[in-house]
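A closer look at the structure
Here's the letter readout for the chains.
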Amino acid sequence: MLQLAIIGGGVAGLSAAIYAARYGIECKIFEQKSIGGQIVVSANVENYPGVPGPISGFDLIQNFEKQVKNLNIPTEYKQCVNIQKNSEGKILSFDDGSRVEAKAVIIATGASPRRLNAKNEAKFIGRGISFCATCDGFFFKGKNVAVVGGGDSAIDEALFLSKIVNKIYIIHRRDQLRASKILQEKAFSTTNIEFLWSTVVESVNGDNKVESLTLKSTKDGSVSELKIDGVFIYIGLIPASKDFCPPVLDDKQGYIISDSKMATNIEGIFVAGDVRLSPLKQLITAAADGAIAADSANRYLMGLE
Ligand code: NAP
């Protein structure tokens, strides 16, 4: 039986693996696609302390991966579809029909930003389309950008961008925001934010980078073109938890609930990174979660809990 199974090879999972290996825990990473998670698509990372950059998400993850390889931590590429607990430990089932038994598990499966499903969206991700103003806002200094969404994230990030960019168009599919009143009031009184109500993005246009959006009114169906340099999409995140998860999820969005030691309600199952219910989802918080989860797993395996 494996001592520790880490599900997910993003920043949280890789950080957990690095810490676990240094505790002498026999662990293995199970990753469904490829190592790296969400950060791989980020063109430039400048806010990860100790790495002044600019460095691409891809290059940064290569360093994480190198560190994991140096510690001889194995990775298996398959998707976990179920976790069950028995008296000995946990049984993980995978999409290829295989099963793995582990004494402890760290779930670090992340979350993915919900996509617009607009025409050309995939082509421009990392080339004008971003899902992270904190990471990429600086690259649009003095430019005109659009933020899509009407929730707290869209408004929060638009307020953050308003101090960097020239002008922001907030594109929302309804004529009322979902965001909290206090954020709404701040946005309404910010002079370089303009709202485009009852509007959806039909297509993203440009040659090598975003140059304009084709917009459609949800009221009368009229179509217009908006010239912009970048688009920040905040229409919700989808945590990778629901399909296989036995720990308790928050009933609003499906994030895994944990305590400050990253312990879930199930003994021996810990959680780290964007799949966890938490107030900030950044590289640094994912890495910190991974370290704490590995430490908690170590204490659990040593019978110290
Ligand atoms: P959210 O609250 O689910 O809002 C998503 C927004 O995107 C909504 O306005 C929704 O429109 C819109 N939307 C969804 N699907 C769309 C689509 N296909 N096309 C166009 N628009 C679409 O997500 P969130 O803003 O990421 O927030 C997630 C959670 O984190 C929330 O509980 C939020 O309160 C919390 N949060 C809090 C703060 C804070 O307190 N400062 C900051 C960030 C996030 P409709 O309104 O029409 O449904």
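The preceding data block contains the structure.
So, here's what we can say about the structure. Counting from 1, residues in each chain are numbered in the order their sequence is written. A pLDDT threshold of at least 70 governs which residues receive local features in this predicted model, and a stricter bar of 80 or more applies before side-chain atom pairs are shown or counted, although totals over entire chains, interfaces and linings include all residues. Side-chain metrics in this entry use all non-hydrogen atoms of the structure; hydrogen atoms and water are not considered.

**Things to note about the side chain of Gln 184**
By the secondary structure assignment, Gln 184 is in helix H5 (residues 181-188). We call a residue buried when its accessible area falls under 20% of the maximum for its residue type, exposed when it is over 50%, and partly exposed in between, using a 1.4 Å probe and counting protein chains only. According to the relative accessible area criterion, Gln 184 is buried, its value standing at 9%. Counted as a polar contact is a pair of N or O atoms within 3.5 Å, where, for protein atoms, one must be capable of donating a hydrogen and the other of accepting one, and residues adjacent in sequence contribute only when both atoms are in side chains. Here the side chain of Gln 184 touches Ala 179 through a polar contact of 2.8 Å, landing on its backbone oxygen. Contact criterion: two residues are considered in contact whenever any of their non-hydrogen atoms come within 4.5 Å of each other. Excluding residues that lie within four positions of it along the chain, Gln 184 makes contacts with Ile 155, Leu 177 and Ala 179. Strands here are runs of E lasting at least two residues and helices are runs of H or I lasting at least four, both read from the DSSP assignment and numbered beginning at the N terminus.

**Side note on the state of the cysteines**
Only a pair of cysteine sulfur atoms within 2.5 Å qualifies as a disulfide here. A full pass over the atoms with the stated rule returns 1 disulfide. Residue pairing for Cys 132: its cysteine sulfur links by disulfide to Cys 135, the two sulfurs lying 2.0 Å apart. Around the S-S axis, the bridge from Cys 132 to Cys 135 shows a dihedral of about 75° and counts as right-handed. Accessibility classification places Cys 132 together with Cys 135 in one group, the buried group. Counting only cysteine sulfurs, Cys 80 is the nearest neighbor of Cys 27, a cysteine outside any disulfide, at a range of 16 Å. On the basis of relative accessible area, Cys 27 is assigned to the buried category, the value being 6%.

**Notes on the layout of surface pockets**
There is about 160 Å³ of room inside the second largest pocket. If you go around the second largest pocket, the residues you meet are Ser 15, Ile 18, Tyr 19, Tyr 48, Leu 60, Asn 63, Phe 64, Gln 67, Ala 287, Ala 288 and Ala 291. For the lining of the second largest pocket, the secondary-structure elements that each account for two or more residues are helix H1 (11-22), helix H2 (57-70) and helix H6 (283-301). A per-element tally of the lining of the second largest pocket places H2 first, with 4 residues. Charged residues are taken to be Asp, Glu, Lys and Arg, nonpolar residues to be Ala, Val, Leu, Ile, Met, Phe, Trp, Tyr, Cys and Pro, and polar residues to be all remaining types, Gly included. Classifying every residue of the lining of the second largest pocket gives 8 nonpolar, 3 polar and no charged. A pocket here means an open set of points on a 1 Å grid, computed over the protein atoms alone, that has protein on both sides within 12 Å along at least five of seven lines. A cavity is instead a set of points where a 1.4 Å probe fits but cannot get out; residues with an atom within 4 Å of a point line either one. Grid points are joined across faces, edges and corners, and a volume is the space filled by probe spheres set on the points.

**Focus: the site of the ligand**
Surveying the vicinity of the ligand reveals 14 residues, the closest of which are Asp 152, Ser 153, Arg 173, Arg 174 and Arg 178. At a separation of 2.9 Å, an oxygen atom of the ligand approaches a polar side-chain atom of Arg 173. By residue class, the composition of the shell around the ligand is 2 nonpolar, 6 polar and 6 charged. Proximity is defined per residue: if any heavy atom of the residue lies within 4 Å of a molecule or strand, that residue is considered near it.

**Considerations on the environment of Lys 242**
Residue placement: Lys 242 occurs in the loop between strand S16 (237-239) and strand S17 (269-271). The exposure class of Lys 242 is exposed, given its relative accessible area of 56%. A C-alpha to C-alpha distance of 8.3 Å links Lys 242 and Tyr 255, two positions 13 residues apart in sequence. Apart from residues no more than four positions distant in its own chain, Lys 242 is found in contact with Leu 249, Gln 253 and Gly 254.

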